[in-house]
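Notes for the structure review
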Amino acid sequence: ENRIRDLREDHDLSQREVAKAIGITQRKYSYLETGQQPWTDELLVRLAEFYHTSVDYLLKRTNDPGW
């Protein structure tokens, strides 16, 4: 399960849209989403803020999205 990809798809967003929202290129976002590059703490925080959820939820440390 790729929670980060699932969140993006559940919100009907493209990689480009999410990348723009968190301030990176679509290519970099693709590498992050597919696990080819590791997420930095800063980018995880930006992504969590974008989705109004917690970093723990993104990292599958909890199943509570906090919505």
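Every value quoted in this text rests on a predicted model; they were computed, and no experiment measured them.

Rules used throughout
Residues numbered from 1 in each chain as written. Predicted model: local features only at pLDDT ≥ 70, side-chain atom pairs only at ≥ 80, totals over all residues. Heavy atoms only, no water. Buried < 20%, exposed > 50% of the residue type's maximum accessible area, 1.4 Å probe, protein only. Helix = DSSP H or I, 4+ residues; strand = E, 2+ residues; numbered from the N terminus. Arc of directions from axis to C-beta. Polar contact = N/O pair within 3.5 Å; in protein donor to acceptor, adjacent residues only side chain to side chain. Salt bridge = Lys/Arg side-chain N within 4 Å of Asp/Glu carboxyl O. Core = buried A, V, L, I, M, F, W, Y, C linked by side-chain atoms within 4.5 Å. Contact = heavy atoms within 4.5 Å. Phe/Tyr/Trp six-rings, centres within 6.5 Å; stacked < 30°, edge-to-face > 60°. Lys NZ or Arg CZ within 6 Å of the ring centre and 35° of its normal.

Quick notes on helix H1 (residues 3-10)
- Buried residues of H1: Arg 3, Ile 4, Leu 7 and Arg 8, and no others. The buried residues of H1 occupy an angular sector of 140° when the element is viewed end-on, so they sit on one face.
- Where H1 begins, the capping side chain belongs to Asn 2, and its oxygen is found 3.2 Å from the backbone nitrogen of Ile 4.

Looking at the pattern of salt bridges
- One pass over the structure, following the stated rule, counts 5 salt bridges.
- Across the pair Arg 5 and Asp 6 runs a salt bridge, and its minimum N-O distance is 3.8 Å.
- Exposure remark for Arg 5: the relative accessible area of 33% places this residue in the partly exposed category.
- Taking relative accessible area as the criterion, Asp 6 reaches 25% and is therefore assigned partly exposed.
- When the shortest N-O distance is used, the salt bridge between Glu 9 and Arg 5 registers 3.9 Å.

Overview of the nonpolar core
- Ranked by size, the top nonpolar core spans 16 residues in total, and within it Ile 4, Ile 22, Ile 24, Tyr 29, Trp 39, Leu 47 and Leu 58 carry the most contacts.
- Going through the elements one at a time, H1, helix H2 (15-22), helix H3 (26-33), helix H4 (41-51) and helix H5 (55-58) are the ones with two or more residues in this core.
- For this core, the element with the highest residue contribution is H4, accounting for 5 residues.
- Leave out the neighbours within four places in its chain, and Tyr 29 touches Ile 4, Arg 8, Gln 15, Val 18, Ala 19, Ile 22, Ile 24, Trp 39 and Leu 47.

Concerning the packing of aromatic side chains
- All chains considered together, the criterion is met by 2 aromatic pairs.
- With a centroid separation of 5.9 Å and an interplanar angle of 80°, the aromatic rings of Tyr 29 and Trp 39 are classed as edge-to-face. With Tyr 29 in helix H3 and Trp 39 in the loop between H3 and H4, this residue pair connects regions lying 10 residues apart in the sequence.
- Owing to a relative accessible area of 17%, Trp 39 belongs among the buried residues under this scheme.
- Plain terms: the ring middles of Phe 50 and Tyr 51 are 5.0 Å apart, the flat faces sit at 70° to each other, and that makes the pair edge-to-face.
- Owing to a relative accessible area of 29%, Phe 50 belongs among the partly exposed residues under this scheme.
- Exposure remark for Tyr 51: the relative accessible area of 3% places this residue in the buried category.
- The ring of Tyr 57 has Arg 3 sitting right over it, with the charged end atom 4.1 Å from the ring centre.

Everything listed is a geometric property; what it means functionally is a separate question.
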